[in-house]
Amino acid sequence: MEHFYKRFDFRSDTVTVPTQVMREAMYKAEVGDDVLGEDPTIQRLERLAADKVGKEAALFVTSGTQGNLVAVLTHTKRGDEVILESEAHIYYYEVGGMAALGGVIPRLIEGEAGIITPEALKKALRGENIHFPSASLLCLENSHNRAGGAIWTPNQVKSVAEVAQERGLHVHVDGARLFNAAIAQNCEASDLVAPVDSVMFCLSKGLGAPVGSMLAGSAEFINRARKMRKMLGGGMRQAGILAAAGIVALESMTERLGDDHSLALKIGQALSDIPNVSVDLERLKTNIVLAEIDPAWGSAEELVQALEASGEILAADFGPQTVRFVTHKDVGEHDAAKLIETVKQIMEG
Ligand code: TLP
């Protein structure tokens, strides 16, 4: 079967295509009208997803962006303050949905490699005063995309969640790559979200499903979130076709994420030996490699263009001097070798 993906595509793990097993499961999926609560495959996926992250219930959503938006809107009311790390995906890449549709005001804390410390959170929490908005939600990101896939440990999550919850805030985790974060530290995904109120994780990206993400939390939260998803136009009908691929993703695609991490580390190590390129190997724990380009050579944009022109290698321009390479199931050792060789040629002239 022909798949329409490009070779050497390191732009993102969002480019992965569904496996043959997923395609067969999709073909055979039993379906019904999910808005009426009648799609058995979606019900199976929602049960499985909730169990995987140790929550009472889960909701199938169209995308990570929709899952985060539904979570923010369900946890807050207009005018509330939402605390996030300064480069959080929800703030940086989600079209300002929290403000445009939720009417909430973001308050940013600069993290250390994407991690917010309990002390920094305490400082940011302003308490009750007639002048201040009410802070009602803290959002964490694990793994943290713009921090190069950096991970929070279960203890780090617990210590900030405790501070937030003592002050009456809910805690949501943007876990688009939650299973990467779990596999990287040999723990269960449920260990990473036990203290928090809700978590979103993606079935697309590294797990390879074509579409969809899950939002999980208490049964009461998910009932409200289901209504919010409907308001946002996310009530899907016979979407068991998509959920079938999601079930395969959760049952059989999480363990292999370790291979993506080893490949990313290999790429990071090799790139850091090339002139004009540096990589922070300390935080390279998952499938994202951030390469910093020496301005004396040129810009990130110039490297991305040169890679495409000379080797048909695709990478993402992630800032003026930062190029992002993401490993995933559709790139392997051969693609990595070609990537490293091409960067070498470009840098060594
Ligand atoms: N991230 C994408 C782009 O949006 C940048 C990528 O290529 O990495 N949370 C995090 C941490 C994410 O990285 C992403 C996608 C999302 C949420 C949104 O998921 P989707 O794309 O399904 O809306």
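Let us look at the structure shown here. Each chain has its residues counted from 1, running along the sequence as written. Given that the model is predicted, a residue must reach a pLDDT of at least 70 before its local features are reported, and side-chain atom pairs must reach 80 or more before they are shown or counted; all residues, however, enter totals for whole chains, interfaces and linings. Processing note: side-chain calculations cover all non-hydrogen atoms of the structure and skip hydrogens and water entirely.

### Considering the site of the ligand
Any residue with a heavy atom lying within 4 Å of a molecule or strand is counted as near it. Around the ligand there are 16 residues in total, and Ser-12, Gly-64, Thr-65, Asn-145 and Asp-174 lie nearest to it. One of the side-chain N or O atoms of His-89 is found 2.9 Å from an oxygen atom in the ligand. In the model, an oxygen atom of the ligand is placed 2.8 Å from a nitrogen or oxygen of the Arg-177 side chain. The protein chains shown are the only cover counted for residues, whose accessible areas, like all others here, come from Shrake-Rupley with a 1.4 Å probe. Summarising the interface, the protein chains cover 82% of the accessible area of the ligand, which totals 510 Å² for the free molecule. Here the ligand is seated within the largest pocket. Strands are runs of DSSP state E lasting at least 2 residues, helices are runs of H or I lasting at least 4, and numbering of each runs from the N terminus. Of the residues forming the shell around the ligand, the biggest block, three residues, is contributed by helix H3 (residues 64-75). Pairs of N or O atoms within 3.5 Å make up the polar contacts considered here, provided that, within protein, one atom can donate a hydrogen while the other can accept it, and that residues adjacent in sequence are counted only when both atoms are side-chain atoms. Here a cavity denotes grid points, spaced 1 Å and computed from the protein atoms alone, that fit a 1.4 Å probe unable to get out, and a pocket denotes an open set having protein on both sides within 12 Å along at least 5 of 7 lines; residues with an atom within 4 Å of a point are the lining. Assignment to a cavity or pocket requires that more than half of a molecule's atoms be within 2 Å of the site's grid points.

### Some words on the side chain of Gln-66
Take Gln-66: it is sitting in helix H3. Overall, Gln-66 belongs to the buried group, its relative accessible area being 11%. Throughout, a contact is declared for two residues whenever any of their heavy atoms are within 4.5 Å. Ignoring sequence-local partners within four residues, the contact set of Gln-66 consists of Val-61, Arg-229, Leu-232 and Gly-234. A simple rule labels every residue: compare its accessible area, found with a 1.4 Å probe on the protein chains alone, to the largest value its type can have, and call it buried under 20%, exposed over 50%, or partly exposed in between.

### Examining the pairing of strand E2 (residues 81-85)
By the criterion of burial, E2 is predominantly enclosed, with five of the five residues buried. Burial along E2 is two-sided: the residues Glu-81, Ile-83 and Glu-85 and Val-82 and Leu-84 are all buried. Pairing of E2 with strand E3 (residues 105-109), which is carried by five bridges, proceeds in the parallel orientation. The partner of Ile-83 across the bridge, within E3, is Arg-107. DSSP calls a pair of strands paired once it identifies at least 2 bridges connecting them. Pairing analysis gives four bridges linking E2 to strand E4 (residues 135-141), with the strands arranged parallel. Paired with Ile-83 across the strands is Leu-138, a residue of E4.

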